[in-house]
Amino acid sequence: MSVGNDFIRLRCQQHFNVQLPELADYQQEGRDLAAYPEVLTTLTRLWPGEQAQAFMDRCIFRKAAPQTQAAFDLAACRDLLTLHALAEELALPMTAP
């Protein structure tokens, strides 16, 4: 692996609560969100309101994540990002066509 790729991976992990595989193993995304039942339980309880978005922010971003929380696998982080985008879309006011 080149130094540049490793640098980018480590910088990403500083800002996001994700454990990224090395570039050579990138296709091995790890566990999806279903492997984190406590997160799913909380998210289901809060969905789809602003509290769900705030909870996902705490899961996704390293600064907002509790220090004791282990980093998510890449697949789970992707699931969280997708759900976050969906929650944002649901929060937008509907406009008449």
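Let me sum up the structure you'll find in this document. Note that residues are indexed from 1 along each chain, following the sequence as it is written. Confidence filtering applies because this is a predicted model: local features only for residues at pLDDT of at least 70, side-chain atom pairs given and counted only at 80 or more, and all residues used for totals across whole chains, interfaces and linings. The side-chain quantities take in all heavy atoms of the structure and omit both hydrogens and water.

## A short note on the overall build of the protein chain
For step 1, the next point in the chain: The helix count covers DSSP runs of H or I at least four residues long, the strand count covers runs of E at least two residues long, and both are numbered beginning at the N terminus. When its secondary structure is counted, the protein chain shows 4 helices and 2 strands.
For step 2, the next point in the chain: Listed N to C, the secondary structure of the protein chain is α-β-α-α-β-α in terms of helices and strands.
For step 3, the next point in the chain: Within the span of the protein chain, comprising 97 residues, buried residues form 29% of the whole.
For step 4, the next point in the chain: In what follows, a contact means two residues having at least one pair of non-hydrogen atoms within 4.5 Å. Considering only intrachain contacts with a sequence separation of at least 6, the fraction spanning at least 24 residues in the protein chain is 65%.
For step 5, the next point in the chain: Only the protein chains shown count as cover for residues, and all accessible areas are computed by the Shrake-Rupley method using a 1.4 Å probe. Roughly 6700 Å² of accessible area belongs to the protein chain as shown, and the carbon and sulfur atoms make up 59% of that amount. Three exposure classes are used, based on accessible area relative to the maximum for each residue type with a 1.4 Å probe and protein chains only: buried under 20%, partly exposed in between, and exposed over 50%.

## Quick notes on unusual backbone geometry
For step 1, the next point in the chain: At the junction of tryptophan 47 and proline 48, the peptide bond is cis and its omega measures out at 0 degrees in the coordinates.
For step 2, the next point in the chain: Counting through the fold element by element, proline 48 comes out in the loop between α2 (37-46) and α3 (50-60).

## Considering the pattern of salt bridges
For step 1, the next point in the chain: By definition, a salt bridge exists where a carboxyl oxygen of Asp or Glu is found within 4 Å of a side-chain nitrogen of Lys or Arg. All told, the structure shown has 3 salt bridges when counted by the stated rule.
For step 2, the next point in the chain: Between glutamate 29 and arginine 78 there is a salt bridge, with its nearest N and O atoms 2.6 Å apart. Remark: arginine 78 occurs in helix α4 (residues 74-91) and glutamate 29 occurs in the loop between β1 (18-19) and α2; sequence separation between them is 49 residues.
For step 3, the next point in the chain: When the shortest N-O distance is used, the salt bridge between arginine 31 and aspartate 73 registers 3.2 Å. Placement of arginine 31 in the loop between β1 and α2 and of aspartate 73 in strand β2 (residues 72-73) is noted, with a sequence separation of 42 residues between them.
For step 4, the next point in the chain: Its relative accessible area of 43% is what places arginine 31 among the partly exposed residues.

## Focus: the nonpolar core
For step 1, the next point in the chain: To define a nonpolar core, start from buried Ala, Val, Leu, Ile, Met, Phe, Trp, Tyr and Cys residues and group those joined through side-chain atoms within 4.5 Å. Ranked by internal contacts, the top residues of the largest apolar core, which has 14 residues, are Leu33, Val39, Met56, Phe72 and Leu80.
For step 2, the next point in the chain: Those elements that place two or more of their residues in this core are α2, α3 and α4.
For step 3, the next point in the chain: When residues no more than four places from it in sequence are discounted, the contact partners of leucine 33 are Val39, Leu40, Leu43, Ala76, Asp79, Leu80 and Leu83.

In short, shape yes, function no, at least from these values alone.
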